[in-house]
Amino acid sequence: MKLLCNVFGDDIIQQFRDFNGPDYLDLTRQFELKKKTYNRFLKNDIVMRLPFELCDLFETYTGRKIEDAICKSKYSGKIKFKKSKLCLSPEVFEDLYADIVLNVTQEIGKILNHPRCKDVSAILMVGGFSESEILQLEIKNAFPDLQFFIPMEGGLAVLKGAVIFGHNPRTFGTRLCNFTYGVNAMLPYSKRRHPESHRVIWNGKPYCSNIFRVLFIVNEEIKEGEVRSIRVIDAFETEEAQEKRLSPIRVQIFASDEEDPVYTTDEGCRLHAEIVVSPPDGKWPRRVFGTVELEFAGTEMIGTYISDDTGAKTCARFEYLPSVATSRASSARSRRDSLRSKGIVENHFTSKATLRTIQEEDTYSRRSRKSTDKNKWVLL
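In this report, the structure presented in the accompanying data block is examined.

Reading the values: the criteria
Think of each chain on its own: its residues are numbered from 1, step by step along the sequence as written. In view of the model being predicted, local features appear only for residues whose pLDDT reaches at least 70, and side-chain atom pairs are presented and counted only at 80 or more, with totals across whole chains, interfaces and linings using the full set of residues. Side-chain calculation: all heavy atoms of the structure are included, whereas hydrogens and water are not. Secondary structure counts use DSSP, requiring at least four H or I residues in a row for a helix and at least two E residues in a row for a strand, with both numbered from the N terminus. Whether a residue is buried, partly exposed or exposed follows from its accessible area with a 1.4 Å probe, protein chains only, as a fraction of its type maximum: under 20%, in between, or over 50%, in that order. Whether two residues touch is decided by their heavy atoms; if any such pair falls within 4.5 Å, the residues are in contact. A 1.4 Å probe and the Shrake-Rupley method give the accessible areas. Residues count as covered only by the protein chains that appear here. A pair of Phe, Tyr and Trp rings is counted when the ring centres sit within 6.5 Å of each other, with Trp represented by its six-membered ring. The angle between the planes then sorts it: under 30 degrees is stacked, over 60 is edge-to-face, the rest tilted. A ring is scored as having a charge over it whenever the NZ atom of a lysine or the CZ atom of an arginine sits within 6 Å of its centre and within 35 degrees of its normal. Every patch collects residues that have over 30% relative accessible area and no salt bridge, joining them within 9 Å if they carry like charges and within 5 Å if they are nonpolar side chains (Val, Leu, Ile, Met, Phe, Trp, Tyr). A carboxyl oxygen of Asp or Glu within 4 Å of a side-chain nitrogen of Lys or Arg is what we treat as a salt bridge. Put simply, a nonpolar core is a bunch of buried Ala, Val, Leu, Ile, Met, Phe, Trp, Tyr and Cys residues held in one set by side-chain atoms that sit within 4.5 Å of each other. In this tally Asp and Glu are treated as negative and Lys and Arg as positive; neither His nor the chain ends contributes. Note on charges: their place is set at NZ of Lys, CZ of Arg, CG of Asp or CD of Glu. In this analysis, strands are considered paired if DSSP registers two or more bridges between them. Only the stretch in contact is used when fitting a helix axis, every axis being a line fitted to C-alpha atoms; angles between N-to-C directions are given from 0 to 180 degrees. Expected helix span is taken as 1.5 Å per residue step, with the number of steps being one fewer than the number of residues. Each direction from the helix axis to a C-beta atom contributes to the arc, which is the arc of those directions.

## Considering the overall build of the protein
On a plain count of helices and strands, the protein comes out with 11 helices and 17 strands. Counting every position in the protein, which comprises 380 residues, the buried fraction comes to 41%. Once local pairs closer than 6 in sequence are excluded, the contacts in the protein between residues at least 24 apart make up 68%. Just so you have it, the protein exposes about 22,600 Å², and 51% of that area is on carbon and sulfur atoms.

Below, the structure is given as structure tokens:
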């Protein structure tokens, strides 16, 4: 739609979309159809029928002819308007999808460069865009050593696969873990292993907070229905903690881009989901023991908190992938908090000495974390 916005203006296209939804949808479908049926070897102009409402809206609000608007746009001489039809030259039409094709090609290249894909010898193209000759030729040129398979009605392949998976979820026995998943927890504070910035007082004793207790590791092969768990404890023994006995316990599930995150405040970590557990009979006992389970199930993940006292289970279902906006915001926020906790203000540059200190501290933390696996984990 960038082409139409450039010719007609963003305001006109926005108003047309808001008040003429069916016509706008029909226009987008025309672009989708032309994208699939376009043949670059014919060198013919691509003809698009513009809705009368769009033409009338433009001329009414601007008092200009569409031909004049085209002449003043960057597409002057490259597109024509005649009898409610827009004629695009092959160069203009291919340029509309140049960025998309480039992004797809680069993404495939990144995937093929992964060690797991070193033995890949063929590419199977499915989905609506796979029917586009523009995309097919560019991918074949980018990866000439690979075989290509493009099934008939490739646009329906994804839908058919979803239906098959719905009838038999065990069609896929394993899948790769997209992120490192774990629980936000605390451990008794050790001055030798833990930074002072993570030191907190819990029930009158020093603890290290925001520890990323890893359950699943990024790029790990996970079997369908696989469950991993940790034992956790919470306590309300001091006078200050008595009010918290009336509040729910929140088990925070974190996701990270890194293979071995140490703290939930590390760069690339973000809050993925929460299991909210209400107190039994309205009030928690002074000491609470339980188990947190994380399961890969079908098309989602299931987090479960199991109480030792009552055997009650509290479950939360959530998607594998964090939302993009949440991930970026959380990642940036975690990075800022992590640097500030180490006495560093994030600027456009950081001295080499500071970077070395951060790296050495993180490496030391990763080495020391292995010795904590047998400890009792405290929910944060």
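Alright, that's what it looks like, and here's the rest.
## Thoughts on the packing of aromatic side chains
Across all of its chains, the model carries 9 aromatic pairs by this definition. When the ring of Trp-202 is compared with that of Tyr-207, the centres are 5.0 Å apart and the planes differ by 80°; the resulting orientation is edge-to-face. Grouping residues by exposure puts Trp-202 and Tyr-207 together as buried. Taken together through their ring pairs, the aromatic side chains of Tyr-38, Phe-93, Tyr-97 and Phe-129 make up a single cluster. Above the plane of the ring of Phe-129 lies Lys-35, whose end atom (NZ or CZ) is 4.5 Å from the centre.

## Focus: a nonpolar patch on the surface
Residues Leu-124, Val-126, Phe-149 and Val-158 make up a contiguous nonpolar surface patch of roughly 370 Å² in combined accessible area. One can find Leu-124 in strand E4 (residues 122-124).

## Considerations on the nonpolar core
Leu-4, Phe-8, Leu-50 and Leu-86 are the most contacted members of the largest nonpolar core, which totals 40 residues. With sequence-adjacent residues up to four places away left out, Leu-50 is seen in contact with Leu-4, Phe-8, Leu-27, Cys-55, Phe-81, Ser-84 and Leu-86. If you look at the next biggest cluster of nonpolar residues, it comprises 28 residues, including Phe-179, Ala-241, Trp-284 and Tyr-305.

## Focus on a positive patch on the surface
There is a patch of like positive charges on the surface, built from Lys-80, Lys-82, Lys-83 and Lys-85. Residue position: Lys-83 is located in the loop between strand E2 (79-82) and strand E3 (85-88). You can call Lys-83 exposed: its relative accessible area is 72%.

## Description of the sheet that holds strand E1 (residues 46-49)
Hydrogen bonding along the main chain pairs the strands of a sheet, whether they run parallel or antiparallel. With antiparallel pairing, 3 strands are arranged side by side in an open sheet as E1-E3-E2. Only two strands of the sheet have a single partner each, and these edge strands are E1 and E2. Recorded for the sheet is a direction-independent mean angle of 20° between the axes of neighbouring strands. Pairing between E2 and E3: 4 bridges, direction antiparallel. Residue Phe-81 lies in a different strand from E3, and its bridge partner there is Leu-86.

## Observations regarding helix H7 (residues 98-112)
Over its 15 residues, H7 runs 21 Å from end to end, which matches the ideal 21 Å to within 8%, given 1.5 Å per residue. Inspection of H7 places Val-101, Thr-105, Ile-108 and Gly-109 among the buried residues, and these make up the whole buried set. For H7, the angular spread of buried residues about the axis comes to 105°, placing them on one side. Turned more than 90 degrees off the buried face of H7, the exposed positions are Asp-99 and Lys-110. Among the structural elements, E4 and helix H8 (133-142) are those in contact with the buried residues of H7.

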